[in-house]
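Structure at a glance
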Amino acid sequence: MSLSRRRFLASSLGLAIAGPAAAQSYGQTFKVENDEGRPVANMRLPGEITGQIQELRGVTYVGPREAEVTLYEFFDYNCPWCRKAAADVTALAASDPALRIGLVHNPILSPMSAQAAKVSLAVQRKLGSAAAFAFYGQLLATKGQIDGLKALEIGAKTGVPRAELEQIADSDAVREAMRAHMTVAANLGLTATPSYVLGNTGVLGHPGVKSLAKMIGAMRRCDQIACG
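Residues numbered from 1 in each chain as written. Predicted model: local features only at pLDDT ≥ 70, side-chain atom pairs only at ≥ 80, totals over all residues. Heavy atoms only, no water.

Observations concerning the overall build of the chain
A tally of helices and strands in the chain yields nine helices and six strands. A buried classification covers 51% of the 228 residues belonging to the chain. Intrachain contacts of the chain at a sequence separation of at least 6 include 74% that bridge at least 24 residues. If you sum the accessible surface of the chain, you get close to 10200 Å²; carbon and sulfur atoms cover 53% of it. (Helix = DSSP H or I, 4+ residues; strand = E, 2+ residues; numbered from the N terminus. Buried < 20%, exposed > 50% of the residue type's maximum accessible area, 1.4 Å probe, protein only. Contact = heavy atoms within 4.5 Å. Areas by Shrake-Rupley, 256 points an atom, 1.4 Å probe, with all protein chains shown as cover.)

Observations concerning the environment of A192
Turning to its location among the elements, A192 is positioned in the loop between α8 (172-188) and β5 (195-198). According to the relative accessible area criterion, A192 is partly exposed, its value standing at 26%. Each residue touching A192, except ones within four places of it in the same chain, is listed here: L204 and G205.

Notes on the state of the cysteines
Across all of its chains, the model carries one disulfide by this definition. Between C222 and C227 runs a disulfide, and the two sulfur atoms are separated by 2.0 Å. With the S-S bond torsion at -95°, the cross-link from C222 to C227 turns out left-handed. (Disulfide = S-S within 2.5 Å.)

Here we look at the sheet that holds strand β3 (residues 70-75)
By way of backbone hydrogen bonds, the strands of a sheet pair with one another, either parallel or antiparallel. Spatial strand order, β1-β6-β5-β3-β4-β2: six strands in an open sheet with mixed pairing. Strand pairing shows two members of the sheet lacking a second neighbour, β1 (42-44) and β2 (60-62), which therefore form its edges. Ignoring strand direction, the axes of neighbouring strands in this sheet form an average angle of 20°. Strand direction decides the pairing type here: β5 and strand β6 (residues 201-204), joined by four bridges, are antiparallel. Within the sheet, the bridge partner assigned to Y196 lies in β6 and is V203. (Pairing = 2+ DSSP bridges. Axes fitted to C-alpha atoms, helices over the stretch in contact; angles between N-to-C directions.)

Comments concerning the environment of A141
Relative to the helices and strands, A141 resides in the loop between α5 (129-140) and α6 (148-155). Counting along the chain gives 57 residues from A141 to K84, while the straight-line C-alpha distance between them is 8.8 Å.

Description of the packing of helix α4 (residues 111-127) against α8
Remark: α4 packs on α8, axes separated minimally by 10 Å, with the N-to-C direction vectors making an angle of 115°. Here α4 is positioned roughly perpendicular relative to α8, judged by the angle of their axes. Helix-helix and strand crossings are classified by hand; for α4 and α8 the assignment is right-handed. In this structure, α4 contributes A114, A117, K118, L121, A122 and R125 to the contact, and α8 contributes A173, V174, R175, M178 and H181. Per-class residue counts for the contact of α4 with α8 are seven nonpolar, one polar and three charged. (Parallel < 35°, antiparallel > 145°, perpendicular 65-115°, else oblique. Left-handed = near helix turned anticlockwise from the far one by under 90°. Nonpolar A, V, L, I, M, F, W, Y, C, P; charged D, E, K, R; others polar.)

Topic: the packing of aromatic side chains
The geometry of two aromatic rings is summed up by the distance between their centres and the angle between their planes. Within the structure shown, the criterion is met by four aromatic pairs. Where Y61 meets Y72, the ring centres are 6.1 Å apart and the plane angle is 70°; that geometry is what we call edge-to-face. Taken together, the residues Y61 in strand β2 and Y72 in strand β3 connect sequence positions 11 residues apart. Given a relative accessible area of 18%, Y61 falls into the buried group. On the basis of relative accessibility, which here comes to 11%, the residue Y72 falls in the buried class. (Phe/Tyr/Trp six-rings, centres within 6.5 Å; stacked < 30°, edge-to-face > 60°.)

This is the structure in structure tokens:
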């Protein structure tokens, strides 16, 4: 991307504030702990909004469509904890083939995050979820700040010509998809990155892979992230 073509920034700031965040109390609806034994903030979410997640375009999915449990991660490519989360989410996908995972973009930290998200959405649109999931892991494993240029550099390794990838990333379809992702995140009150949605419960921050696995197990047993 040349300096004259940084139109990835177009509307990025507007997207970052799309949708009014509902007032939330970030306490503990369920008593769950992270991998270090500290309380994990979580809250009940309105079902009419969580139901909108599966209608979003551009969500990257891995795992079976008929899965009993789906874990949604709302993330930002420049969130430090999202780097650890990406490794853990990738490990969960490998260790729990019955789990369905959905990656939802919420680039609220910077315009550079929005640039990278648009490239990621372009990879998903062109090559599908398997390639986009691999891209997510590769990009979050790179060092330093992640922007559109870095995302294009990694994205070009998928075999899609860089110019084509940039064109897709700058399309109205991708811009609208990202706006929709961020609007749902804002309306759910998911102001922390990463955040997770399991059923109608929101989990704020990354609790660690062991804690997530426990919550997923509880969802299978009693349809909530912790059983009585």
